[in-house]
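Geometric and topological summary
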Amino acid sequence: MNDIICPNCKKAFKVDEAGFADILKQVRDHQFEEELSKRLDLAEKEKLNAVQLAEANLRNSLQAELLKKDNELSKLKAQSEIDLTEKLSRKEAEIAELKAKSEKQLIESVSKKEAEIAEMKAKIENAELDKKLTISEATKILEKERDELANAVKTAALEKQNLESSLRNQFNLELQSKDAIIKFKDEEIAWVKDMKQKQSTKMLGESLEQHCEIEFNKLRASAFQNAYFEKDNDSSSGSKGDFIFRENDAAGNEIISIMFEMKNESDQTATKKRNEDFFKELDKDRNEKKCEYAVLVSLLESENELYNTGIIDVSHKFNKMYVVRPQFFIPIITLLRNAALNSIQYKAELALVRSQNIDITNFEEKMNKFKEGFARNYDLASRKFKDAIDGIDKTIRELQKTKDALLSSENNLRLANEKTEDLTIKKLTHGNPTMKAKFDELK
């Protein structure tokens, strides 16, 4: 242990050897940095002085070199003028000699060229004749092809004209036929509109109800002898349907029950109704009158392809509900009644079993209620347990990140310490002869 006295409070405290060595290392590093900074500044100044001195020496030497080069250049210019005069005299003599030779060669070459030109003119004239012959032959072939194409175009134009005339005649006939059909349809539509305009809204609805009632009564005696089909006159609940169909078996068990609603509409009505506008009210009437099925017999949305296809099941919106056009009024009753007849035996047996086993039903209801409560509580507990597990996993991930960061920091500190311990004057002055000389002087 070593005693250290604080220079400010004069209080002594003990430091172990590692701490003392660390403090001593810090003091040495600080002194070393200060001394190194001073030495670096001094070296920088010396470097600047040396650079300035070298620049001055270089400038002087360059000026002396330039003066020497100027002298040499003036000498070379004088010598080159003399050489140039001699060369010019020699060149003039050579040019005179060449002129004499070239005149002779020029005369010979001109005579040769004139002979070649005459020969080329003869060849060109022959080529022109060949070209004219070739062009005349090609022109004859092209004129022949042109005539053939012109004849083909005329033939095609005649065929096109004949086809257009035949198609025009066929189109006129079809157009006349369509005009007659359209005229007939327009007359029929006008008659229907006139008939509907003469009827009130109530009469429109009553006409559809009467139609359905007449259709049912046609088959009542033969197909529906034990069936009840009457208007719904009970409006105690605030609303009522149009017709109720019920049928029971010999034992009094209900086979089937249907609530009917009939909807018609004039073409001149300002606000057009949709079939969906009546679903909710029809379902309410069905439940209040305790009917199994609900059927909307409708002439609304006459252009809607869905409702024009036949019997439309809308149970996806309201349970056991159908929409039909008037022509499917009897078929929907027949289909639902036949389906109910197939299950009447099971309904009777189910009613008997329910009456005999009411205690078992109550026990099952209590059991199901207990199961539902237990499942709900188990689901809540499972979710809470999962949330707790997720929280623990999240905490573990955060702690792992903290651990990784601490390990990375420790590794970086270890590397920094190794680099500091490995730092020596020799490595710092490597490649720097100025600093090496300075440190050698200090030694």
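The paragraphs below set out a description of the structure included in this document.

Here is what the cut-offs are and how they apply
- Residues numbered from 1 in each chain as written.
- Predicted model: local features only at pLDDT ≥ 70, side-chain atom pairs only at ≥ 80, totals over all residues.
- Heavy atoms only, no water.
- Core = buried A, V, L, I, M, F, W, Y, C linked by side-chain atoms within 4.5 Å.
- Buried < 20%, exposed > 50% of the residue type's maximum accessible area, 1.4 Å probe, protein only.
- Helix = DSSP H or I, 4+ residues; strand = E, 2+ residues; numbered from the N terminus.
- Contact = heavy atoms within 4.5 Å.
- Arc of directions from axis to C-beta.
- Pairing = 2+ DSSP bridges.
- Patch = residues over 30% accessible without salt bridge, like charges linked within 9 Å, V, L, I, M, F, W, Y side chains within 5 Å.
- Areas by Shrake-Rupley, 256 points an atom, 1.4 Å probe, with all protein chains shown as cover.
- Salt bridge = Lys/Arg side-chain N within 4 Å of Asp/Glu carboxyl O.

Comments concerning the nonpolar core
Core analysis: the largest hydrophobic core is formed by 25 residues, its most contacted members being F216, F245, F260, V295 and F329. Residue assignment for this core shows that the elements contributing at least two residues are helix 2 (201–223), strand 3 (227–231), strand 4 (243–248), strand 5 (254–263), strand 6 (293–298), strand 8 (321–324) and helix 5 (329–342). For this core, the element with the highest residue contribution is helix 5, accounting for six residues. Every residue in contact with F260, bar those within four places of it in the chain, is listed here: F229, G241, D242, F243, F245, V295, V297, F329, I332 and I333.

Considering helix 3 (residues 279–288)
Turning to helix 3, its buried residues number three or more, namely F279, L282, D283, D285 and R286. The buried residues of helix 3 occupy an angular sector of 160° when projected down its axis, which confines them to one face. In this fold, the buried residues of helix 3 make contact with strand 5, strand 6, helix 4 (305–308) and strand 8. Where helix 3 ends, the next residue or the one after it, K290, has phi of about 55°, a positive value.

Structural notes on the pairing of strand 4
As judged from the five bridges shared by strand 3 and strand 4, these two strands associate in the antiparallel manner. If you follow K231 over to strand 4, its bridge partner there is F243. Here six bridges tie strand 4 to strand 5, and the two strands are oriented antiparallel to one another. Paired with F245 across the two strands is I258, which belongs to strand 5.

Section: a nonpolar patch on the surface
On the surface, a cluster of nonpolar side chains totalling about 400 Å² of accessible area is made up of F385, I389, I392 and I396. By the element assignment, F385 lies in helix 7 (residues 358–421). Residue class for F385 comes out exposed when judged on its relative accessible area of 57%.

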